[in-house]
Amino acid sequence: MILCHECYEELHPNEAPAAADVSDEFLSMLRDAKKEGATIVYLIDLISFECSFNKEVLDLIVDLPVIIIASKWDLMPKETEVEHTKEYVAHRFRAEGFKKAKGTDVILLDYNNSADATLASGMIKKKRQGKNVYVIGAKGAGKSAFLTSFLRQFKNTSNRGISIGAYKNTSLEVWQIPLDDNSYIYDTPGTGVKNSFLGKNNYPKEIVITRRLTPR
Ligand SMILES: Nc1nc2c(ncn2[C@@H]2O[C@H](COP(=O)(O)OP(=O)(O)OP(=O)(O)O)[C@@H](O)[C@H]2O)c(=O)[nH]1
Ligand SMILES: [Mg+2]
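These numbers come from a predicted model, not from an experiment.

Caption draft 1: The overall build of the protein chain, seen in detail. Looking only at helices and strands, the protein chain features 6 helices and 7 strands. For 216 residues, the compact-globule formula gives about 17 Å, and the C-alpha radius of gyration of the protein chain, at 18 Å, lands near that figure. Expressed along its principal axes, the backbone C-alpha trace of the protein chain runs to roughly 65 × 45 × 35 Å. Relative to its full complement of 216 residues, the protein chain shows a buried share of 45%. Contacts spanning at least 24 positions in sequence make up 70% of the contacts within the protein chain whose residues lie at least 6 apart.

Caption draft 2: Structural context of helix H4 (residues 82-94). Counted at 1.5 Å a residue, the expected span for H4 with its 13 residues is 18 Å, and the 18 Å between its end C-alpha atoms agrees. Against the buried residues of H4 lie strand S1 (39-45), helix H3 (55-61), strand S2 (66-71) and strand S3 (107-109).

Caption draft 3: Just the nonpolar core, in detail. In terms of nonpolar packing, the biggest core is built from 37 residues, with Ile40, Tyr42, Ile61, Phe93, Tyr134 and Ile136 touching the most fellow members. When residues of this core are traced back to their parent elements, those giving at least two are helix H2 (24-36), S1, H3, S2, H4, strand S4 (133-137) and strand S7 (184-187). Of the residues forming this core, the biggest block, 5 residues, is contributed by H2.

Caption draft 4: The arrangement of the packing of helix H5 (residues 114-128) against helix H6 (residues 143-152) in detail. Taken N-terminus to C-terminus, the directions of H5 and H6 make an angle of 80 degrees; their axes are 9 Å apart at the nearest point. Here H5 is positioned roughly perpendicular relative to H6, judged by the angle of their axes. Of the residues in H6, those in contact with Ala117, Ala120, Ser121 and Ile124 of H5 are Phe146, Ser149 and Phe150. Of the residues assigned to the contact of H5 with H6, the class counts are 5 nonpolar, 2 polar and no charged.

Caption draft 5: Focus on the layout of surface pockets. Considering only enclosed or pocket space, the largest pocket measures out at about 510 Å³ in volume. If you add up the space inside the second largest pocket, you get close to 390 Å³. Along its surface, the second largest pocket is lined by 17 residues, and Leu64, Val66, Phe98, Lys100 and Ala101 are the ones closest to its centre. Of all the elements in the fold, those that place two or more residues in the lining of the second largest pocket are S2 and H5. The element best represented in the lining of the second largest pocket is S2, accounting for 3 residues. When grouped by side-chain class, the residues that make up the lining of the second largest pocket number 10 nonpolar, 1 polar and 6 charged.

What counts, and where the lines are drawn
Residues numbered from 1 in each chain as written. Chains lettered and ligands numbered in written order. Predicted model: local features only at pLDDT ≥ 70, side-chain atom pairs only at ≥ 80, totals over all residues. Heavy atoms only, no water. Helix = DSSP H or I, 4+ residues; strand = E, 2+ residues; numbered from the N terminus. Rg over C-alpha atoms; globule rule 2.2 N^0.38 Å. Buried < 20%, exposed > 50% of the residue type's maximum accessible area, 1.4 Å probe, protein only. Contact = heavy atoms within 4.5 Å. Expected span 1.5 Å × (residues − 1). Core = buried A, V, L, I, M, F, W, Y, C linked by side-chain atoms within 4.5 Å. Axes fitted to C-alpha atoms, helices over the stretch in contact; angles between N-to-C directions. Parallel < 35°, antiparallel > 145°, perpendicular 65-115°, else oblique. Nonpolar A, V, L, I, M, F, W, Y, C, P; charged D, E, K, R; others polar. 1 Å grid on protein atoms, 1.4 Å probe; cavity = no way out; pocket = protein on both sides within 12 Å on 5 of 7 lines; lining within 4 Å. Points joined across faces, edges and corners; volume = space filled by probe spheres on them.

None of the figures reported here should be taken as evidence of function without further support.
Shown next, in the form of structure tokens:
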């Protein structure tokens, strides 16, 4: 059977995972972050590792304070080594120009362990120096799940409430959580994954990994 390129890709998803694709509006939001000297919380999906990276995004945030969180640690095989994984993630960032990325700074997020989210929250507090914080990452990487844990021990000391709405001058839907009277932590929309099943609107839910992987 001879197929056009598009039909072929429909039948063979995930053959060569594309880098996450991003909209112009998303990049303009990151340009704001860059101007503000904001802190970036970058969620890496360990289950969809390469799809978590986008060159344009990385180039925009390379000089900002970045907190690297690798999510879905609870799904990785039992024998996976903590230090090795952290170093692997940091190495991938160093290869993108993040010269200061260190394995010891990477946070592995275990869904069932609230201590990991607490550690990340502490790091945000320490790094942000009164500035805004942008939580970014690929679709389904676990940004909202992380912020839900973050909210468990969050105390709103500002006069503003938590809101969900369009980010300034864009149609990007973001959660805005006030950290004080002058700054927010933003939960941003996930960057897309074009040729992964997860990038499709009605992907079969059975393909989502919900239990620890067992290598065979
Ligand atoms: N097992 C496990 N599941 C996770 C983890 N983080 C997120 N999930 C699951 O992954 C799915 C997507 O998580 P979300 O937090 O909605 O991901 P997101 O990055 O906010 O996704 P978008 O808003 O679509 O970009 C949900 O079903 C979560 O329950 C994790 O660390 N471990
Ligand atoms: Mg989300």
